[in-house]
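# Observations on the three-dimensional arrangement
Letter by letter, the chains look like this.
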Amino acid sequence: MAYQSYSDNKALSLAALMATSLTLSAALPLQAYADDFLEEVEISGYIEPELRFFSQSPNRPGQDANDFSIAGEVTFETFWDDSDQWIVVKPFARWDMRDHERSHWDLREAKYARVMGDWEFRIGIDKVFWGVTEAAHLIDIINQTDLVESVDGEEKLGQPMVQVSTTQDFGTFDFYLLPYFRERTYPSADGRPATDIPVDEASAQYESSQEERHIDFAARYSNTFEDWDVGLGYFQGTARDPILNPGLNSSGQLVLIPYYAQIKQVSVDVQATKEAWLYKFEGLMRNQLGANYFQASGGIEYTLYGIFDTPEDLGIIAEYIWDDRGEDSGNPFSNDVFAGMRWALNDEASTTLLGGGIIDLDTAALSLSLEAERRLGDDYFVTIEARMFTNTPQSDPLFSYSDDDFLQLRVAKYF
Amino acid sequence: MATKALNFCSYTLGLIIAALTLALPLSISAALAEVPGLPDASDPDARGLAIATESDSRDHGFKDSQANLKMILTNAYGETSERELRFLTLENVDPNDGDWNLIVFDRPRDVKGTSLLTYAHILEADDQWMYLPALKRVKRISSTNKSGPFMGSEFAFEDFSAQELGKYSYKWLRDEPCGERTCHVVEQTPQYENSGYTRQIGWTDTTDYQLRKSEFYDRKNQLLKTLEFTDYQLHLDKYWRAHNLKMTNHQTGKGTTLTWDSYAFQTGLEEKDFSKNALKRAR
């Protein structure tokens, strides 16, 4: 309940969030010293205003050419028992001037964890990442994507779980029991960037009659063999990526209705690290609605260190992304090539430039992104991001976004 | 040993030594203070290696250590910025392999929680993983970036990696006074690939066998940086650690000062505290 987003309430109060989290952490079994404990809580976080400018005219009346929003995240953490036990609570919230679906809050983390010898246990809300490639994160399945935060899909919603991990001589095993499903977030009819037909989250449908209460299960084995890092994963439960079916909402308007299927999938991820070259592959085999299909992504990352006798590094990334369902998969990356560059100045301000493009080899659609970031002083961090969708034919799944090119500026103040 | 040898000396040799004793009291006292058994100046390579070996052996058996580090970066205009990190180190008992360490970044705040796990090797590339807390992602990274700046500072990654004996070849240059002490001046040349240095010159004192100063020469053999070690403190009655390190870059005018505190040794760290899962929960 605590982790359900309340997108309707625009008046977000961080103070209320902090109070909620403190109550939550105090309610967990803390053995004796609850008083000392609260004194030991470390608090950190950031607050980050954001401006967005869209270069093309909107295609819906509620949409606009610019947007302002502000986000904040606070981390409360406390460790005891020689750091073998800890509690972390991390609420996140955003208020958006135009998009009420983008105004939302979430508990990114709210977990108790304990290490006992070679074993580690976690219970609560947490985030887990699987995978090695940079452009698409195909096998990363534990957490739902918080799509309103970023179209690149890298922002995630907190996932309730019970996790058991053990590291042995023959590798690391992680087991996850996922008792509650989180629906993907989508912008409202007023939000941008967005699909031309808005997604109606409220009418989401499920294959399982248990809907979001279906208990999912996942496991992962990983190990390192000299230059090779290898992982094997298994997941069964509710797909994180819904199928979007056109339909009518309660007021009779055309909307896209998310349908969450039950899936079983196995995945593999491999990285070979050979001096300045990284070779990466990740792939999955999934069974969904009676059909089996395969998705994979692989490529290289090469870094030129100290270019032109400066401290600067230039990294080059090239990856190929494949989906054997082809172009009608709803997944925009079915036969695509990504090429990117990362230029790190390695200066005091950690100035970094990231530029990349994904080209669809079937439709020739091209999406470009450029990110620039640096620190200002000790506590401020500035990020500028530009995204462009060009040459996108109607047949391409990204066509909907092709009138949503934007420039985004974020300035975070850390505390 | 020097006094023993005198018994068998001829009268003339005795006179010469007496004269030298008067003329060069410093170098003689240096020779007397150094550890017994060092090869003499006629074999500078052997003498250099023996000095480095002695210095290395003084650190054997520390098992593990934990310490906090504050870095102050100063640019050419005198403006400063700060970094705070925590270091965990596990001694590798295998003399043919390097130590393990885990570095956790606390400041600047935007990188809080980022951590770096390194299994150092002698001549082969180190194994290195980085944990990015915002994505909860552990990423194996290339360790060929030896000469790159560490967190934008004047310290390169290779300046932070474990100073394993086998990483360099050594050549003794001379003995000379260094402050109130006497130092062996030894040139060391990296044997591993991708170093940013052609050579380093180190001043190791003849009583505790600790580095007091180092000079770094860039790939064009120009003097690049000087590192001064001060505020040495003795831990567990055996292990010396400099608590203040000052690096000056002569080519850019920038500098970085490291201040170590809360050193703790033999804290019971084990291999499992240096796993990829441990990297994710490091604090």
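Here the structure is a predicted model, which is why all the values come from computation and not from measurement.

To continue, consider the overall build of chain B. When helices and strands are tallied, chain B shows 6 helices and 13 strands. Counting all 283 residues of chain B, 48% fall into the buried class. Here chain B displays about 13,500 Å² of accessible surface, and carbon together with sulfur accounts for 54% of that area.

Check the secondary structure of chain A and you find 2 helices and 21 strands. When the 415 residues of chain A are sorted by exposure, 52% land in the buried category. Here the analysis covers contacts within chain A between residues at least 6 apart in sequence; of these, 57% occur between residues at least 24 apart. Here chain A displays about 18,200 Å² of accessible surface, and carbon together with sulfur accounts for 59% of that area.

Our focus in this paragraph is a negative patch on the surface. On the surface, Asp118 and Asp169 of chain A together with Glu270 and Glu271 of chain B cluster together into a negatively charged patch. Assignment of secondary structure puts Glu270 of chain B in the loop between strand S13 (255-265) and helix H6 (276-281). Given a relative accessible area of 43%, Glu270 of chain B falls into the partly exposed group.

The subject of this paragraph is the nonpolar core. Grouped together as the largest cluster of nonpolar side chains are 29 residues, with contacts concentrated most on Leu69, Leu85, Phe150, Leu245, Leu258 and Trp260 of chain B. Contributing elements (two or more residues each) for this core: strand S1 (64-74), strand S2 (80-90), strand S3 (100-107), strand S11 (223-235), strand S12 (239-249) and S13 of chain B. Apart from residues no more than four positions distant in its own chain, Leu258 of chain B is found in contact with Leu69, Lys70, Met71, Phe155, Phe160, His243, Asn244 and Leu245 of chain B. Core analysis: the next-biggest nonpolar cluster, separate from the first, contains 21 residues, Leu138, Ile142, Tyr176 and Leu178 of chain A among them.

Side chains that differ in charge, positive against negative, can pair when their charged atoms come close. This model, assessed by the stated rule, comprises 53 salt bridges over all chains. Between Lys90 of chain A and Glu109 of chain A there is a salt bridge, with its nearest N and O atoms 3.2 Å apart. Of this pair, Lys90 of chain A sits in strand S3 (residues 85-96) while Glu109 of chain A sits in strand S4 (residues 104-116); the two residues are 19 residues apart in sequence, bridging distant segments of the chain. Residue Lys90 of chain A shares its accessibility class with Glu109 of chain A, and that shared class is buried. In this structure, Glu301 of chain A and Lys280 of chain A form a salt bridge, with 2.7 Å as the shortest nitrogen-oxygen distance. Remark: Lys280 of chain A occurs in strand S14 (residues 277-288) and Glu301 of chain A occurs in strand S15 (residues 291-304); sequence separation between them is 21 residues. Here Glu301 of chain A matches Lys280 of chain A in class, with each residue buried. When salt bridges with common partners are traced through the structure, they connect Lys90, Glu109, Lys111, Glu120, Arg122 and Asp126 of chain A together with Lys136 and Arg281 of chain B into a single cluster.

This next bit is on the interface of chain A and chain B. Across the contact, 52 residues belong to chain A and 31 residues belong to chain B. With both sides pooled, the region where chain A packs onto chain B buries about 3,500 Å², and carbon together with sulfur makes up 44% of that total. Applying the counting criterion to the chain A and chain B interface returns 12 salt bridges. For Arg137 of chain B, the salt bridge identified is with Glu134 of chain A, shortest N-O distance 2.9 Å. Applying the counting rule to chain A against chain B returns 19 residue pairs in polar contact (both at pLDDT 80 or more). Tallied by class, residues from the side of chain A that touches chain B come to 13 nonpolar, 14 polar and 25 charged.

Our next topic: helix H4 (residues 44-57) of chain B. The terminal C-alpha atoms of H4 of chain B, which comprises 14 residues, lie 20 Å apart, in line with the 20 Å expected from a rise of 1.5 Å per residue. Turning to H4 of chain B, the residues buried within the fold contact strand S7 (168-178), strand S8 (181-190) and strand S9 (199-205) of chain B.

Once that is clear, we can look at the sheet that holds strand S8 (residues 205-206) of chain A. Residues and elements named next belong to chain A. Pairing is mixed in the open sheet, where 3 strands are placed in the order S8-S12-S11. Only two strands of the sheet have a single partner each, and these edge strands are S8 and strand S11 (243-248). Summarising the sheet, S11 and strand S12 (residues 254-260) pair through 6 bridges and their orientation is antiparallel. Paired with Asn245 across the bridge in S12 is Ile257.

The final tally for this structure, using the stated rule, is 32 aromatic pairs over all chains. By way of ring pairs, the aromatic residues Phe62, Phe87, Phe105, Phe150, Phe155, Phe157, Phe160, Tyr239, Trp260, Tyr263 and Phe265 of chain B are connected into one cluster. Above the face of the Phe92 of chain A ring, Arg108 of chain A is positioned so that its terminal group lies 4.2 Å from the ring centre. The aromatic ring of Tyr192 of chain B is capped on one face by Lys167 of chain B, whose charged end is 5.6 Å from the ring centroid.

The topology assignment puts Arg122 of chain A in strand S5 (residues 119-126). Engagement of the side chain of Arg122 of chain A in a polar contact is seen with the side chain of Glu120 of chain A, the distance being 2.7 Å. Ignoring any residue separated from it by four or fewer positions in sequence, one finds Arg122 of chain A in contact with Trp86, Lys111, Tyr112, Ala113, Met161, Val162 and Gln163 of chain A together with Arg281 of chain B.

With that out of the way, let us pick up unusual backbone geometry. Here the bond from Arg192 of chain A into Pro193 of chain A is cis, since omega is -10 degrees, no more than 30 degrees from zero. Following the sequence through the fold, Pro193 of chain A ends up in the loop between strand S7 (171-178) and S8. Residues Arg107 of chain B and Pro108 of chain B are joined by a peptide bond in cis, for which omega reads 5 degrees. In this fold, Pro108 of chain B is placed in the loop between S3 and strand S4 (115-119). Phi at Glu226 of chain A takes a positive value of approximately 50 degrees, unusual for a residue other than glycine. Summarising the element assignment, Glu226 of chain A is placed in the loop between strand S9 (216-225) and strand S10 (228-238). The exposure class assigned to Glu226 of chain A is exposed, which follows from its relative accessible area of 69%. In this structure, Asn194 of chain B is a non-glycine residue whose phi angle is positive, near 70 degrees.

Cut-offs used in this document
Residues numbered from 1 in each chain as written. Chains lettered and ligands numbered in written order. Predicted model: local features only at pLDDT ≥ 70, side-chain atom pairs only at ≥ 80, totals over all residues. Heavy atoms only, no water. Helix = DSSP H or I, 4+ residues; strand = E, 2+ residues; numbered from the N terminus. Buried < 20%, exposed > 50% of the residue type's maximum accessible area, 1.4 Å probe, protein only. Areas by Shrake-Rupley, 256 points an atom, 1.4 Å probe, with all protein chains shown as cover. Contact = heavy atoms within 4.5 Å. Patch = residues over 30% accessible without salt bridge, like charges linked within 9 Å, V, L, I, M, F, W, Y side chains within 5 Å. Salt bridge = Lys/Arg side-chain N within 4 Å of Asp/Glu carboxyl O. Lys, Arg positive; Asp, Glu negative; His and termini not counted. Charge placed at Lys NZ, Arg CZ, Asp CG, Glu CD. Core = buried A, V, L, I, M, F, W, Y, C linked by side-chain atoms within 4.5 Å. Buried area = accessible area lost by both parts, 1.4 Å probe. Polar contact = N/O pair within 3.5 Å; in protein donor to acceptor, adjacent residues only side chain to side chain. Nonpolar A, V, L, I, M, F, W, Y, C, P; charged D, E, K, R; others polar. Expected span 1.5 Å × (residues − 1). Pairing = 2+ DSSP bridges. Phe/Tyr/Trp six-rings, centres within 6.5 Å; stacked < 30°, edge-to-face > 60°. Lys NZ or Arg CZ within 6 Å of the ring centre and 35° of its normal.

Treat this as a map of the structure, not an account of what it does.
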